[in-house]
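Given next are the chains, with one letter for each unit.
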Amino acid sequence: MASIATVLDNNADITRRYGSGLVAVFVGGTSGIGESTARAFIRNTDASRAYLIGRDQTRAMQIIEELHQIKPDSQVTFIQSDVSLLREVDDACSAIQQKEDKVNILFLSPGVGTTTGRDETDEGLDKKLNLHYYSRMRFVANLLPQLMKAGDESEQTVTHERPLSRVISVLEAGGEAALHLDDLSLQTHYSLRNCAKHAITMNSVSMEHLAASYPQISFIHSFPGIVRTRLNRNFSTATKYAVTALMVLARPWEIKLNESGERHLYAASSPRFPPQKDKDGIPDVAEGSDGHPGSGFYRLDSTGSTYKPSKIMEVYRADGVRSSIWKHTLDVFAKVRGAPEVEP
């Protein structure tokens, strides 16, 4: 467990450790945990550049104005995008790539609260599953060149400990479960429960696959705990009342939004979560890298502790399912949008 004092000390040390001018992309950055983490990033870094990707331009302009007053040397850019559509994911990535040759932090927290069934977009994907899995992996696939450049050891100055290149997906690490392997997109087995377990498990499995393929980058799947966000804004009135009642009961375990932002910035910057290899090319024995020292993939709970190895992930790894899940993901991309610039 990382105490809040440890978290704040780490975050205050980011510039010394990694230097100024860091670049971060926050998908879902205009509300909830994405917004709170973006705010923590700007507060704790110097001359940094942040990209907020979301739909609410009015909210984004308010956030940008407030952050500019806190850190006038920072640059915060809003990219309006409905990331439930892969074509808009591609457009957002293109806008970033026109300005940046590196991305140090890719923070993924888009989501939707719903109690309805399968809701297909015009691209043929369920909106919830897309927001929680496919669009997140499309951001990773598209921005791999920028993430790899940020993790290039040869560009690191001697005054800083190591380069920073990290992907954080906020969902429900620790909730991995068996999948319908013959129906990963849930065309015929759709339910809210199946959608949740598919998104959670495929996030972990795919990020572990990517960590093994890209040793310059750390990959983190995080469970935020009980955090009060606006994820219920699309619920019916009755469901909103029910959720509010549950939040009252859960108040003793609630994590305040500001604290969640600081904790997720810790996940995005702490040296506890290095990539696959250290600066000398020797695998790190990193705490909790899902049972694989130096794997570069971490599943974190709400306190910043790492989970014990997942049994279902061990089975999928041994049976070669991990590769087939990533192949399925690339096949979906190819069908909807074509192959990414760098094929993972």
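Being a predicted model, the structure only gives us computed values, none of them experimental. (Residues numbered from 1 in each chain as written. Predicted model: local features only at pLDDT ≥ 70, side-chain atom pairs only at ≥ 80, totals over all residues. Heavy atoms only, no water.)

**Q** Lay out the nonpolar core with the relevant residues and their values.
**A** Counting 55 residues, the largest nonpolar core has Ile 53, Leu 106, Tyr 133, Phe 139, Val 167, Phe 219 and Ile 325 as the members making the most contacts within it. Elements that contribute at least two residues to this core include exactly β1 (23-27), β2 (49-54), α5 (86-97), β4 (105-108), α6 (127-150), α7 (192-213), α10 (311-318) and α11 (321-336). If one sorts the elements of this core by residue count, α6 sits on top with 11 residues. Here Phe 139 is in contact with Val 27, Ile 53, Val 83, Val 89, Ala 92, Cys 93, Leu 106 and Leu 108, once residues within four sequence places are set aside. Judged by nonpolar contacts, the second largest core, of 35 residues, contains Ala 40, Ala 60, Ile 63 and Phe 273. (Core = buried A, V, L, I, M, F, W, Y, C linked by side-chain atoms within 4.5 Å. Buried < 20%, exposed > 50% of the residue type's maximum accessible area, 1.4 Å probe, protein only. Helix = DSSP H or I, 4+ residues; strand = E, 2+ residues; numbered from the N terminus. Contact = heavy atoms within 4.5 Å.)

**Q** Any details on the sheet that holds strand β6 (residues 218-222)? Residues and values, ideally.
**A** Here we have 7 strands laid out as an open sheet, ordered β3-β2-β1-β4-β5-β6-β7, and parallel in their pairing. Two strands close off the open sheet at either side, each with one partner strand: β3 (75-80) and β7 (297-300). Direction aside, the axes of adjacent strands within the sheet are offset by 15° on average. One ladder, built from 4 bridges, connects β1 with β4; its direction is parallel. (Pairing = 2+ DSSP bridges. Axes fitted to C-alpha atoms, helices over the stretch in contact; angles between N-to-C directions.)

**Q** Give me the confidence of the model for the protein chain: which residues, what numbers.
**A** Scored by pLDDT, the protein chain comes out at a mean of 88, with 83% of its residues at no less than 70. Across residues 238-243, where pLDDT falls below 50, the model places 6 contacts with residues more than four positions away in sequence or in other chains. Below pLDDT 50 for its whole length, residues 278-288 participates in 28 contacts with residues either more than four positions away or in separate chains. (pLDDT = per-residue confidence, 0-100.)

**Q** Pulling in residues and values, what's your account of the packing of helix α3 (residues 32-44) against helix α4 (residues 57-70)?
**A** Contact geometry for α3 and α4: axes closest at 10 Å, N-to-C directions at 20°. Overall, the two elements α3 and α4 adopt an arrangement that is roughly parallel. Relative to α4, α3 is oriented so that their crossing is right-handed. On α4, the residues touching Glu 35, Arg 39, Ile 42 and Arg 43 of α3 are Arg 59, Ile 63, Glu 66, Leu 67 and Ile 70. Its residues assigned to classes, the contact of α3 with α4 comprises 4 nonpolar, no polar and 5 charged. (Parallel < 35°, antiparallel > 145°, perpendicular 65-115°, else oblique. Left-handed = near helix turned anticlockwise from the far one by under 90°. Nonpolar A, V, L, I, M, F, W, Y, C, P; charged D, E, K, R; others polar.)

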